[in-house]
Amino acid sequence: MSQARLWGSLWLAEWRERPGRLLVAVLALALGVALASAVHLVNRTALDEFEQAARRLVGEADFVVRGAPGGFAEALYPAVARMPGVAVASPVLELSATVFSARAAAPRALVLPILALDPLRAAQLQPALLGDLAGALRGLFSPDGIFLSARAAAELGVRKGDSFEVLVGTARRRLEVLGLLAESAYPRMLGLMDIAAAQWVFGRLGVLDRIDVRVATGASASAVRAAIVPLLPAGVSIAAPVVDSARIASATRAYRVNLDMLALVAVLTGGFLVLATQSLSILRRRAALGLLRALGVTRGALRRALVIEGTLFGVVGAAVGVFVGQEVGAVLLRAFAGDLGAGQFRGVAEAPVLQPLEALAFVVAGTLVAAAASWLPAHEAAARPPARALKSGDAEALRAGVRPWRGGLVLIGCGTVLASLPALHGLPVFGYGAIAALLAGGVLLVPGIARHVLAMWPPPRRAPLALAVAQLRGSIAQASIGLAAVIVSFSLMVAMAIMVHSFRVSFVDWLGRSLPADLQLRLGGDSDTAALDEPSQARLAAIDGVERAEFRRTFRVSLRRGATPVHVVAAPLAAAHAPARLAIVASAPVAQPRDVAPLWASEAMQDLYGWQPGEEVTLPIAGRAIRFRVAGVYRDYGRSTGSVVLSRALYQSLTHDRSANEGVFDLAPGASPAAVVRAMHEAVDAGAALQIRTTREVRERSLANFDRAFAVTYALEAIAVLIGLLGVGVSAAATALARRGEFGMLRHIGFLRRQVLAMLAGEGALTSAIGVACALALGGALSVVLVRVVNRQSFLWSIDLAVPWGLLAGLVLALLASAAATAFVSGRAALTGDAVRAVREDW
Amino acid sequence: MKRRPKAWTIALLLAAAGAAAGPPPPVVPGYVLAFPRDRGSHPAFLTEWWYATGWLRTPAGEDLGFQITFFRSRQPEADANPSAFAPRQIVIAHAALADPAFGRLRHDQRIAREGFGLAGAQTDDTRVWIDDWRLERDAAGYALQASSESFSLRLALVPTQAPMLNGEAGYSRKGAAPLAASYYYSEPQLRVRGEIGRDGRRDAVTGEAWLDHEWSSEPLEPGAVGWDWVGLNIAGGGALMAFRIRDGRGGVRHAGGTLRTPAGTTRALAPTEIVFTPLRHWRSPRTGIDYPVEWRLQAGTFDARLEPLMDDQESDSRATTGAIYWEGAVRARAAGRVIARGYLELTGYGEPLSLR
């Protein structure tokens, strides 16, 4: 009890005396924890909602028979339904329809996902989705009726009984709103139609996209699957229903893991700051602690007390952080939707809340980081003989015995090896491991490097600077605590800056190569109901001012069960010539044989499916497996899940589908783009569903999207650097305070106050310069890992390395200036007492 | 679970397709019912049902009741849709097993749109089915089959006498207006042999049954809320069908019936010859609806007290037809002796019944 009071007063005295500094350490940790928990919250909420929505759509099916986009012949349905052991077979058509919102004054086109099913069959599999409609199920039989989710009705600005327009080809059809689904039944945009009505309205007679199957009680799902497999035509496969939600999640997983990693870096940097603060405060209390030891407090008790003290910071900081993180997460979700700017998630309905266990996990993690960070100084303080601690001028003893460069070299070696390993489950796990190893290795090497640099430093002429160098030479170990924080945050910032800049440079180059025409036309966005028929194409091509028109048909193809479908572009191709407007990165070494059609594949196809130039591959088109030869590989920043380009003539001969949904147009010299766009809208009456943009608009929009996607990344980086700078400040203050005696002596022997401050500023700048130089080198190495390993493995596209020299120079200057300034400020604080007292204190 | 795709399912699918375009035809007197064609489906009419009920006895001597109904409902709004999924005809089936030892009905229902051979109703003879639930007729008689989690029926129903045409030679009036009518015949005194399953346990059964087949396009007249119906196999070979249609105030809007003597003479009963007098009510603990489950029934020369096999024979088919009703096995007792057994149907005691 009395011991507890003793510690209580020891801690309280320190906290009373330096509340500001303590607050900074707690806040830094809180900031890191807040970031981590906010990012986690955003990720989890978005994924939860996705998963719930996906589950609602699939319902209680045991497995799903799924076709390639475009569907399969409905004759498969009765065959599956009659299969012994099948209790329920529910036929489904999945559509993305272009619809026109009635809400705004100017009609807006949007893509409405429509699930068309036989409600009598589906009610047994999707009770949660259809439960509310039990009484109204037969209303669905209306030939042009649709049920809407509450969200879809709001977006479309319609209520029960209203109607709205949908684009089929370039024609408009009207659908009547039969009713609304409860918000709880389905949170996202959705339309529900009867399968017969949808087949008719959307011209999909005879076609299904999937059959949901539930197996009879007592029958074996795997046996039933095995019996169905022989019935399936090419391109149709059986998937577990959960695969669908996993597929959606995996599409954004890489991006999410990146954000999680950044948040983790913030927590670790906060941990370094706790280390610096605790080192400083223990340093200042060394006499008191020595006295305690002399009075009989054991080494273990002292260490325990100091670790508990640091842990208390951790608990407070982490608790504050979790609270702030919850709020920040909610704000982020409202502002950016669930994707933090990546454009892959659209809108999250629920107010997100951290679960108690999750909150606890973050508090524990933050606390552990703080405890670990305070263990090192506590251990050293406790290990010091009391007699020495009671003597003054002992500061440099701290960590002086540590010679960590061997460990540093080993870690850097490990990092290099890890960087050469392939992705694990589609995630660059080893890439991140490499970054962690390189980072830790770099930090451990800093004292050694700093010592060598200072040893070789020519003695400056002016006394204050000479003293600064000399002082640093003698106190490398202590300075390296502050340096570590700088190096961790700054090297990561450098690496991220180089990575983002490289990406942007490559992206701009890619845009330039893939957008050389004057106008780009798209009908219906990602809809699969809108298409330009041949007369529409002819009308568009004949418009005055259009010099050259090229039409494309895009569609999606599933190449592997559960994988995100591959985007296929059927474009006009001159035989065996690489299509224009592709950023080709590799070509097949030999000429194309005549009997196999050429195909160009994006880099993602190389990584996901192992398609190499020159190789023969098969692609299911119109239910047939068609052989192609990979003529080349191109870069596609538009689709990270894979895309291929093939001949539209071949596509037309296989499918007899002569429609198109994209067009690029070169304008005649002197033609007015605005007039041509107007004429195009007149030629195709699809309203807002017809997007026509000039190449400049496309470029600007793409770059704006790009920058928006990385805005959050920049924000996280900035916070990491801020924490790092706090670390520099605290460690400068530590040094300054510990040397009050020295300052007194200098003043005593005639140093001017100004000269002492100049010395301190010089020391600060010099420390930072060494730190910045190390961080630049380390950051450069890390950026190579980010660009070549993490990026490539996450997003499946390559980036050419480019260094933002200007940005880096600005960052370096800002960092050096702020380091010098903090050293100067804390020096002034240390110099406030009079010289005589300071020297006496040193006695 | 047994689901053999059969050639006939495909054949009748083709036969049924397109057969029902155009407005529903009226029900008129003078139409001559022809068998077996009129045993089949009449897809042009909006509503049609085949309704088999009966008493079963197990080797252990248990008396049980069974009921299976197949409804067909035409959706004219789907006529124009060329999709193979177009819901031109919806087929609904209810099955129930009344077991006094269980205390309430074991019942289940199916609903599906006609098409792909998975559900439908054939036009040339009785053959109506949803997945593995089916009622079909061949030279030997009817075969019916239905199974669910808690019970199953697999029965052969063999006719012992000619069909009984109700009303005026099968034109059965349901109200004052001439168009308020249906085509309606019954097959009483069917001999039953088969197997039932209860919670996994199987029993061979024998018994006697009744089959009704009725089709029309008219809903209940405005003001009618439901009906009471009874079909009884009278000991010795006679049969009685009697019904009345009630209005919302407890009055009778219309009544009708057919009485067949053991000798085989059949007579249509005038509305005034039929009197249903409730004797005892039972309140459903699930829905709170009061059903008159014991009656005195006077129909022509027939006068007996109707007693249920058990009180709780309430069916909840809100998921398919939207109705809650009482449909159960009854005995007819006169002078202390059981003189007939059959089924009693009580509809519209909760909410007014709607036929569509």
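Predicted, not measured: the structure shown is a model, and the values here were computed from it.

Attention shifts here to the overall build of chain A. Looking only at helices and strands, chain A features 26 helices and 21 strands. Taking all 843 residues of chain A together, the buried fraction comes to 49%. Partitioning the contacts of chain A with sequence separation of at least 6, the portion at a separation of at least 24 is 85%.

With that out of the way, let us pick up the overall build of chain B. Within chain B, the secondary structure is distributed over one helix and 23 strands. For chain B, the proportion of its 356 residues judged to be buried stands at 50%. Long-range pairs, those at least 24 residues apart, make up 57% of the contacts in chain B with a sequence separation of at least 6.

For the α-helix, the turn length of 3.6 residues means that residues three or four positions removed from each other point alike. Residue and element names in this part refer to chain A. Along its 12 residues, helix 16 (residues 463–474) runs 16 Å from first to last C-alpha, staying within 8% of the 16 Å computed at 1.5 Å per residue. Residues of helix 16 that are buried: Pro464, Leu467, Ala468 and Leu472. Buried positions in helix 16, seen along its axis, are confined to an arc of 130° and lie on one side of it.

So, about helix 14 (residues 405–419) of chain A. Residues and elements named next belong to chain A. A rise of 1.5 Å per residue sets the reference length of helix 14, with its 15 residues, at 21 Å; its end C-alpha atoms lie 21 Å apart and thus fit the reference within 8%. Taken as a whole, helix 14 has its buried residues at Gly408, Leu411, Ile412, Gly415, Leu418 and Ala419. The buried residues of helix 14 occupy one face: seen down the axis, they fall within an arc of 120°. Seen from the open side of helix 14, the exposed residues pointing more than 90 degrees away from its buried face are Arg406 and Val417. For helix 14, the secondary structure elements touched by its buried residues are helix 15 (429–456) and helix 24 (753–795).

We now examine the pairing of strand 18 (residues 274–283) of chain B. Residues and elements named next belong to chain B. Here strand 18 pairs with strand 19 (residues 290–299) via nine bridges, running antiparallel. Bridge assignment links phenylalanine 276 to a residue of strand 19, and that residue is leucine 297. If you look at the hairpin formed by strand 18 and strand 19, you'll find six residues sitting between the two strands, and glycine 288 has a positive phi there, around 75°.

So, on to the packing of helix 16 of chain A against helix 24 of chain A. All names here are of chain A. The N-to-C vectors of helix 16 and helix 24 enclose an angle of 50°; their axes lie 8 Å apart at closest approach. As far as their axial angle goes, helix 24 and helix 16 are oblique. In this structure, helix 16 meets helix 24 at a crossing whose hand is right-handed. Touching Ala463, Pro464, Leu465, Leu467, Ala468, Val469, Gln471 and Leu472 of helix 16 are Gln755, Ala758, Met759, Gly762, Glu763, Leu766 and Thr767, all from helix 24.

Moving on, we come to the interface of chain B and chain A. The interface is formed by 21 residues belonging to chain B together with 22 residues belonging to chain A. In the side of chain B that touches chain A, the residues fall into 14 nonpolar, four polar and three charged.

A few words now on the nonpolar core. Counting 182 residues, the largest nonpolar core has Val80, Ala116 and Ala198 of chain A together with Val91 and Leu240 of chain B as the members making the most contacts within it. If one sorts the elements of this core by residue count, strand 3 (residues 86–101) of chain A sits on top with nine residues. Not counting chain neighbours up to four residues away, the residues in contact with alanine 116 of chain A comprise Val92, Leu93, Leu95, Met193, Asp194, Ile195 and Ala198 of chain A.

Residues and elements named next belong to chain B. Cis geometry is found at the peptide bond from phenylalanine 35 to proline 36, where omega equals 10°. Its place among the elements puts proline 36 in the loop between helix 1 (7–16) and strand 1 (47–57). In this structure, aspartate 131 is a non-glycine residue whose phi angle is positive, near 50°. You can see aspartate 131 is positioned in the loop between strand 6 (127–130) and strand 7 (133–138). Residue classification places aspartate 131 among the partly exposed positions, given that 19 C-beta atoms sit within 10 Å. With phi around 55°, glutamine 189 is a residue other than glycine that occupies positive phi space. By secondary structure assignment, the location of glutamine 189 is in strand 12 (residues 181–198). Among the residues examined, glutamine 189 registers 21 C-beta atoms within 10 Å and is labelled buried.

All names here are of chain B. The pairing of strand 8 (residues 141–147) with strand 9 (residues 151–158) spans six bridges and is classified as antiparallel. Paired with alanine 146 across the bridge in strand 9 is leucine 153. Connecting strand 8 to the antiparallel partner strand 9 that follows it, the hairpin turn spans three residues. When strand 9 meets strand 12, the two strands line up antiparallel, connected through eight bridges. The residue bridging arginine 154 from the neighbouring strand is glutamate 195, located in strand 12.

Before going further, it helps to examine the packing of helix 15 of chain A against helix 24 of chain A. All names here are of chain A. Running from amino to carboxyl end, helix 15 crosses helix 24 at an angle of 165°, the nearest separation of the two axes being 10 Å. Overall, the two elements helix 15 and helix 24 adopt an arrangement that is roughly antiparallel. In the packing of helix 15 onto helix 24, the handedness of the crossing is right-handed. Within the contact between the two elements, helix 15 uses Gly431, Tyr432, Ala434, Ile435, Leu438, Gly442, Val446, Ile449, Ala450 and Val453 and helix 24 uses Ile770, Cys774, Leu778, Ala781, Leu782, Val785, Val789, Val790 and Gln793. Looking at the contact of helix 15 with helix 24, its residues break down into 16 nonpolar, three polar and no charged.

We now examine the confidence of the model for chain B. On average, residues of chain B carry a pLDDT of 89, and 92% of them reach 70 or more. Counted against residues more than four places away or in other chains, residues 1–19 of chain B, with its pLDDT under 50, gives 26 contacts.

Bringing the environment of isoleucine 584 of chain A into the picture now. All names here are of chain A. Note on placement: isoleucine 584 falls in strand 15 (residues 583–587). Isoleucine 584 gets classed as partly exposed once you count the C-beta atoms within 10 Å, which come to 15. Expressed as a C-alpha distance, the spacing of isoleucine 584 and aspartate 636, which sit 52 residues apart in the sequence, is 9.4 Å.

The next thing to look at is the confidence of the model for chain A. Residue and element names in this part refer to chain A. Residues at a pLDDT of 70 or more form 79% of chain A, whose mean pLDDT is 77. When pLDDT is averaged over each element of chain A, helix 3 (residues 76–82) comes out on top at 94 and helix 26 (residues 835–841) at the bottom at 51. Below a pLDDT of 50 lies the segment residues 243–248, which in the model reaches 13 contacts outside its immediate sequence neighbourhood of four places, other chains included. Across residues 393–402, confidence stays below pLDDT 50; counting only partners more than four residues off in sequence or on other chains, it has 22 contacts.

Below, the discussion takes up the environment of glutamine 189 of chain B. A C-alpha to C-alpha distance of 9.4 Å links glutamine 189 of chain B and alanine 235 of chain B, two positions 46 residues apart in sequence. If we ignore the near neighbours within four places in the chain, the residues touching glutamine 189 of chain B are Thr160, Gln161, Glu208, Asn233, Gly237 and Ala239 of chain B.

Residues and elements named next belong to chain A. Among the secondary structure elements, leucine 180 is positioned in strand 7 (residues 171–181). When the C-alpha positions of leucine 180 and phenylalanine 147 are compared, they lie 5.5 Å apart, and in sequence the two are 33 residues distant. For leucine 180, the residues in contact, after removing those within four places along its chain, are Phe147, Leu148, Ala150, Ala153 and Lys160.

Here is what the cut-offs are and how they apply
Sequence order as written defines the numbering, with residues in each chain counted from 1. Lettering of chains starts at A and numbering of ligands starts at 1, both following the order in which they are written. The model is predicted, so local features are restricted to residues of pLDDT at least 70 and side-chain atom pairs to those at 80 or more, both for listing and for counting; the totals for chains, interfaces and linings are taken over all residues. Here a helix means four or more residues in a row that DSSP labels H or I, a strand means two or more in a row labelled E, and each is numbered from the N terminus. Put simply, a residue is buried when 20 or more other C-beta atoms lie within 10 Å of its own C-beta and exposed when 12 or fewer do; between those, it is partly exposed, and each C-beta is set from the backbone. Residue pairs are scored as contacts if the distance between their C-beta atoms, which are placed from the backbone, is within 7 Å. Helices are assigned an expected span. That span is 1.5 Å times one less than the residue count. Read the arc as the range of directions from the helix axis to the C-beta atoms. Pairing between strands is defined by DSSP: at least two bridges between them are needed. Under this scheme, a helix contributes an axis fitted over its contacting stretch, all axes are lines through C-alpha atoms, and angles between N-to-C directions fall in the 0 to 180 degree range. Each angle is binned into one of four classes, with values under 35 degrees roughly parallel, values over 145 roughly antiparallel, values of 65 to 115 roughly perpendicular, and all other values oblique. Crossings are assigned a handedness: left-handed for a near helix turned anticlockwise from the far helix by less than a right angle, right-handed for a clockwise turn. For this classification, the nonpolar set comprises Ala, Val, Leu, Ile, Met, Phe, Trp, Tyr, Cys and Pro, the charged set comprises Asp, Glu, Lys and Arg, and every other residue, Gly included, is treated as polar. A set of buried residues qualifies as a nonpolar core if it consists of Ala, Val, Leu, Ile, Met, Phe, Trp, Tyr and Cys joined through C-beta atoms within 7 Å. Confidence of the predictor in every single residue is expressed as pLDDT, which spans 0 to 100.

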